[in-house]
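Spelled out from the first residue to the last, the chains are:
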Amino acid sequence: MSAVTEYLIAPMTLPDIDRCVELEHLLFPEDDPWQAVSFRSELAGGHNRYITARTADGVMVGYAGIALLGDDAHPEAEVHTIGVDPQCHRGGIGTLLLEALLATAAERGGPVFLEVRTDNAPAIAMYAKHGFHIIGLRKNYYHPSGADAYTMRRPELTAAADEWAARGRQDEVLS
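From a predicted model like this one, the values you see are computed outputs, not experimental measurements. (Residues numbered from 1 in each chain as written. Predicted model: local features only at pLDDT ≥ 70, side-chain atom pairs only at ≥ 80, totals over all residues. Heavy atoms only, no water.)

Caption draft 1: Main features of the overall build of the protein chain. Summing up its helical and strand segments, the protein chain has 5 helices and 8 strands in all. Counting from the amino terminus, the protein chain carries its helices and strands in the arrangement β-α-α-β-β-β-α-β-α-β-β-α-β. Put simply, the protein chain shows about 9,000 Å² of open surface, and 52% of that area lies on carbon and sulfur atoms. (Helix = DSSP H or I, 4+ residues; strand = E, 2+ residues; numbered from the N terminus. Areas by Shrake-Rupley, 256 points an atom, 1.4 Å probe, with all protein chains shown as cover.)

Written as structure tokens, this is what we have:
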């Protein structure tokens, strides 16, 4: 895919699932990639928010999801997945998706958690740049490969939502 500088971030819909499954098989072949039933279940969960990144011509090049957990008094969130087409890696799409998820979480407040493969240095660096810190190690977390995962946590930061909204980035073309 050629270099693209603009992306549309929008809510994931049921017709997006086939492309998500295709990307899962490209990205995570050794770790039990999600099937369509998993994405349908995630979209049906009232506490989940899933989004996509598309090129200006409508091609989905990434997806991401977050669970908004806890209650109003004790909110927290957990990033479930971020996936970007391998042909588009290092193009900033993962960062845009993560920023959108963090803005969603910040609307409620609370910390944000995630798991990431210990050998995924680019993802770990991206998360660290956005305020995440390693707080634990989960041995043999990914199956069937047996790869380990770091648990990472970002403390509550509500300013991200205000910044995201001020830039008018939700459901708009991003560059």
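Caption draft 2: Structural view of the nonpolar core. With 30 residues, the main nonpolar core has I66, I82, I93, L97, V112, Y127 and F132 as its most contacted residues. Where this core is concerned, the elements lending two or more residues are strand 1 (7-11), strand 2 (48-55), strand 3 (60-70), strand 4 (75-84), helix 3 (93-108), strand 5 (112-117) and helix 4 (121-129). With 8 residues, the single largest contributor to this core is helix 3. Every residue in contact with L97, bar those within four places of it in the chain, is listed here: I9, I51, T52, A53, G62, Y63, A64, I82, G83 and V84. Formed by 11 residues, the second largest nonpolar core is a distinct cluster that contains C20, L23, F39 and M60. (Core = buried A, V, L, I, M, F, W, Y, C linked by side-chain atoms within 4.5 Å. Buried < 20%, exposed > 50% of the residue type's maximum accessible area, 1.4 Å probe, protein only. Contact = heavy atoms within 4.5 Å.)

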